[in-house]
Amino acid sequence: MENSEIFTHIDHTLLNPAATSKQIAALCREALKYHTASVCIPPCFIRRARKNFPELNICTVIGFPLGYSTTNVKWFETKDAIECGANEIDMVVNQTDVKNGRFSLIEREIALIKEACEFNILKVIVETCNLTEQEKVEMCRVVTSAGADYIKTSTGFGSAGADIRDVELFRKHIGDDIKIKAAGGIKTKEQIEMFLNAGCDRIGTSSAVKLLIEGD
């Protein structure tokens, strides 16, 4: 797979809690240079990134990384992020609700966040490392029913990241209109290609430029 094609599937990511403005600006410049799908940055950097890089597709995270803030908080985070200039939202589900079998509450929350996104993309992070197989299957149903755009494997802050077996499971159980994003622990070009070939539409990684350009 050509690097130029791979980049179109990359959410060029920097979510380090100690990230600097200089690092975020460098990330944005790389994203424009290599035509990545988006940059994925902390909410506090959205407004500045939008001002300095008006043509950039900006993704951000809400309820991140643990997911157990209330629905009202997530809704406000989403509205604020869109107002600041975000084009895409990656939300973390309430995993305590998953563990308690409260899937109707999760579905309602996702639907409300999708409404808050207006016409922008919503990706739902289910943090697969914390879920049983049956919980993953149920989350495929919930994400589909709630009208999200993507199901996403991981935050990158959990005990494990993306697993090809989870992507294969997702493909069997998500709706036809739902896409898959893999993130967390993707550190080689071979892994990126493996996930794309398995059916992922997006890959979240902070290493794409290093792997695809500097590694050539």
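Here the structure is shown first, and the text comes after it.
What comes next concerns the included structure. Only a predicted model underlies this, so the values are computations on that prediction, with no experimental measurement involved.

1. Some remarks on the overall build of the chain
Consideration 1: Within the chain, the secondary structure is distributed over 10 helices and eight strands.
Consideration 2: Expected size for 216 residues packed as a compact globule is a radius of gyration near 17 Å; at 16 Å, the chain falls within 12% of this value.
Consideration 3: Each principal axis of the C-alpha atoms in the chain carries an extent, and together these give about 45 × 35 × 30 Å.
Consideration 4: Expressed as a percentage of its 216 residues, the buried residues of the chain come to 55%.
Consideration 5: Carbon and sulfur atoms make up 50% of the accessible area of the chain, which totals about 10100 Å².
Consideration 6: Counting 26 positive and 30 negative side-chain charges, the chain places the centres of these two groups 5 Å from one another.

2. Some details on helix α8 (residues 164–173)
Consideration 1: Those residues of α8 lying buried are I164, D166, V167, L169 and F170.
Consideration 2: Among the structural elements, α7 (133–146), β6 (150–152), β7 (179–183) and α9 (189–197) are those in contact with the buried residues of α8.

3. Digging into the sheet that holds β6
Consideration 1: The strand order around the closed barrel formed by eight strands is β1-β2-β3-β4-β5-β6-β7-β8, and the pairing between neighbours is parallel. On average, each strand axis in the sheet is tilted by 25° relative to the strand beside it, whichever way the strands run.
Consideration 2: With five bridges connecting them, strand β4 (residues 88–92) and strand β5 (residues 121–125) associate as parallel partners. Looking at β5, one finds that D90 is bridged to K123.
Consideration 3: Each of β3 (58–62) and β4 is contacted by helix α4 (residues 71–84), which is oriented at about 160° to β4, the strand it contacts most.

4. Remarks on the packing of aromatic side chains
Consideration 1: Taken as a whole and judged by the stated rule, the model has two aromatic pairs.
Consideration 2: Aromatic side chains F7 and Y34 sit 5.0 Å apart centroid to centroid with 20° between the ring planes, which places their arrangement in the stacked category. In this pair, F7 is assigned in helix α1 (residues 3–7) and Y34 in helix α2 (residues 21–34), connecting sequence segments 27 residues apart.
Consideration 3: Between F64 and F157, the ring centres sit 5.2 Å apart and the planes meet at 85°, which makes this aromatic pair edge-to-face.

5. Digging into the pairing of β3
Consideration 1: Among the five residues that make up β3, five are buried, leaving the element largely enclosed by the rest of the structure.
Consideration 2: The alternating pattern of β3 places I58, T60 and I62 and C59 and V61 on opposite faces, both of which are buried.
Consideration 3: Sheet topology places strand β2 (residues 38–41) next to β3; three bridges connect them, and they run parallel. Looking across to β3, one finds that C40 is bridged to C59.
Consideration 4: In terms of handedness, the path from β2 via helix α3 (residues 46–52) over to β3 forms a crossover that is right-handed.
Consideration 5: Pairing analysis gives four bridges linking β3 to β4, with the strands arranged parallel. Across the sheet, T60 pairs through a bridge with I89, a residue of β4.
Consideration 6: This β-α-β element, β3 to α4 to β4, shows right-handed connectivity.

Rules and cut-offs
Residues numbered from 1 in each chain as written. Predicted model: local features only at pLDDT ≥ 70, side-chain atom pairs only at ≥ 80, totals over all residues. Heavy atoms only, no water. Helix = DSSP H or I, 4+ residues; strand = E, 2+ residues; numbered from the N terminus. Rg over C-alpha atoms; globule rule 2.2 N^0.38 Å. Buried < 20%, exposed > 50% of the residue type's maximum accessible area, 1.4 Å probe, protein only. Areas by Shrake-Rupley, 256 points an atom, 1.4 Å probe, with all protein chains shown as cover. Lys, Arg positive; Asp, Glu negative; His and termini not counted. Charge placed at Lys NZ, Arg CZ, Asp CG, Glu CD. Contact = heavy atoms within 4.5 Å. Pairing = 2+ DSSP bridges. Axes fitted to C-alpha atoms, helices over the stretch in contact; angles between N-to-C directions. Phe/Tyr/Trp six-rings, centres within 6.5 Å; stacked < 30°, edge-to-face > 60°. Right-handed = clockwise from strand over helix to strand, strands pointing away.

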